[in-house]
Amino acid sequence: MTWRTNDTGLTAAGKPYRILADDLRGGAGPIIAAVFRDDVDHVVRYTADGKHAGGLAYHDLKPPKVRT
């Protein structure tokens, strides 16, 4: 699965996300997403396969619902 900027979907915990960037460099992964929870957008970094960089499986990305 490949995520692209502006894709939207849900995390494993059912929280909505929007991909902000898909080409970052560094060990934590190339994907940055805004995850909406507790009435706030939280910026979270993900590996190329949509896994939470900190290993929290409930934050992992499900496949996008809306592709750009």
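These numbers come from a predicted model, not from an experiment.

## Examining the overall build of the protein
Helices and strands together make up the secondary structure of the protein, namely zero helices and four strands. Ordered by position from the N terminus, the helices and strands of the protein form the series β-β-β-β. Taking 2.2 N^0.38 as the reference for a compact globule, 68 residues should give roughly 11 Å; the C-alpha atoms of the protein span a radius of gyration of 10 Å, in line with that estimate. With the C-alpha coordinates aligned to their principal axes, the bounding extent of the protein is approximately 30 × 25 × 20 Å. Relative to its 68 residues, the protein shows a buried fraction of 31%. In the protein, once contacts between residues fewer than 6 apart in sequence are set aside, the share between residues at least 24 apart is 35%. Here the protein displays about 4,100 Å² of accessible surface, and carbon together with sulfur accounts for 53% of that area. Once the 10 positive and 8 negative side-chain charges of the protein are each reduced to a mean point, those two points are 3 Å apart.

## Let's talk about the environment of D22
Checked against the element boundaries, D22 lands in the loop between β2 (16–21) and β3 (31–37). When the C-alpha atoms of D22 and T47 are compared, they prove to be 9.7 Å apart, with 25 residues separating the residues in sequence. Beyond its immediate sequence surroundings of up to four residues, D22 is in contact with W3, R4, T5, P30 and I31. Within the structure, the side chain of D22 is placed 3.2 Å from the backbone nitrogen of T5, a separation counted as a polar contact.

## A word on the sheet that holds β2
Reading across the sheet, the four strands line up as β1-β2-β3-β4 and stay open at both edges, with antiparallel pairing between neighbours. Each having just a single partner strand, β1 (8–10) and β4 (40–46) make up the two edges of the open sheet. Each strand axis lies, on average, 35° off the axis of its neighbour in the sheet, ignoring direction. Sheet topology note: the β1/β2 ladder contains three bridges and is antiparallel. Each residue of the ladder has a partner; that of T8, found in β2, is R18.

Conventions and cut-offs
Residues numbered from 1 in each chain as written. Predicted model: local features only at pLDDT ≥ 70, side-chain atom pairs only at ≥ 80, totals over all residues. Heavy atoms only, no water. Helix = DSSP H or I, 4+ residues; strand = E, 2+ residues; numbered from the N terminus. Rg over C-alpha atoms; globule rule 2.2 N^0.38 Å. Buried < 20%, exposed > 50% of the residue type's maximum accessible area, 1.4 Å probe, protein only. Contact = heavy atoms within 4.5 Å. Areas by Shrake-Rupley, 256 points an atom, 1.4 Å probe, with all protein chains shown as cover. Lys, Arg positive; Asp, Glu negative; His and termini not counted. Charge placed at Lys NZ, Arg CZ, Asp CG, Glu CD. Polar contact = N/O pair within 3.5 Å; in protein donor to acceptor, adjacent residues only side chain to side chain. Pairing = 2+ DSSP bridges. Axes fitted to C-alpha atoms, helices over the stretch in contact; angles between N-to-C directions.

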